[in-house]
Amino acid sequence: QVQLVESGGGLVQAGGSLRLSCTVSGRTVTMGWFRQAPGKEREFVAAVRWIGGIQYYADSVKGRFTISRENAKNTVYLQMNSLKPEDTAVYYCAGSKSLFARGVDAMDYWGKGTLVTVSS
């Protein structure tokens, strides 16, 4: 059974930075970060493969967010810079058994989420 535990959320002012962490127990191929703002659907933010480190990003976060992984620690990070109020959401870590997973439906495992609030 794969378990994902997120940490690092909080309150930050616009223009600030936060780093989210996700510790993984179990085996996955691709890891992703998703977010869900109040009243909106869950959306893809970024993904990375454990092997090779290939990264994918949503257009809305390109150039501001960086996803990375530390294989020895079974941990995936999301470094978020230049945060905007519209980045406010619950951020979820997710894992997939697929190489090409980027959509919500492609993920097999989910964490409980961590709240990120960006004040203007």
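Our subject is the structure listed above.
Residues numbered from 1 in each chain as written. Predicted model: local features only at pLDDT ≥ 70, side-chain atom pairs only at ≥ 80, totals over all residues. Heavy atoms only, no water.

Asks: Give a description of the overall build of the chain that names residues and reports values.
Replies: Across its full length, the chain carries 0 helices and 11 strands. If you list the helices and strands of the chain from N to C, you get β-β-β-β-β-β-β-β-β-β-β. Taking 2.2 N^0.38 as the reference for a compact globule, 120 residues should give roughly 14 Å; the C-alpha atoms of the chain span a radius of gyration of 13 Å, in line with that estimate. If one aligns the C-alpha atoms of the chain with their principal axes, the spans along those axes are about 40 × 30 × 25 Å. (Helix = DSSP H or I, 4+ residues; strand = E, 2+ residues; numbered from the N terminus. Rg over C-alpha atoms; globule rule 2.2 N^0.38 Å.)

Asks: How would you explain the pattern of salt bridges if you had to name every residue and give the values?
Replies: By the definition in use, this model includes 5 salt bridges. The salt bridge partner of Glu 43 is Arg 35, with a shortest N-O separation of 2.7 Å. (Salt bridge = Lys/Arg side-chain N within 4 Å of Asp/Glu carboxyl O.)

Asks: Can you break down the side chain of Ser 96 residue by residue, with the values?
Replies: Inspection of the secondary structure puts Ser 96 in strand β9 (residues 89–96). Engagement of the side chain of Ser 96 in a polar contact is seen with the backbone nitrogen of Ser 98, the distance being 2.9 Å. A distance of 3.0 Å separates the side chain of Ser 96 from the backbone oxygen of Ala 106, its partner in a polar contact. The residues touching Ser 96, leaving out its near neighbours within four places in the chain, are Thr 28, Val 29, Thr 30, Ala 101, Ala 106, Met 107 and Asp 108. (Polar contact = N/O pair within 3.5 Å; in protein donor to acceptor, adjacent residues only side chain to side chain. Contact = heavy atoms within 4.5 Å.)

Asks: Tell me about the layout of surface pockets, residues and numbers included.
Replies: Its volume calculated, the largest pocket comes out at about 210 Å³. Together, Val 24, Gly 26, Arg 27, Thr 28, Val 29, Arg 49, Trp 50, Ile 51, Asn 71, Asn 74 and Leu 99 line the largest pocket. (1 Å grid on protein atoms, 1.4 Å probe; cavity = no way out; pocket = protein on both sides within 12 Å on 5 of 7 lines; lining within 4 Å. Points joined across faces, edges and corners; volume = space filled by probe spheres on them.)

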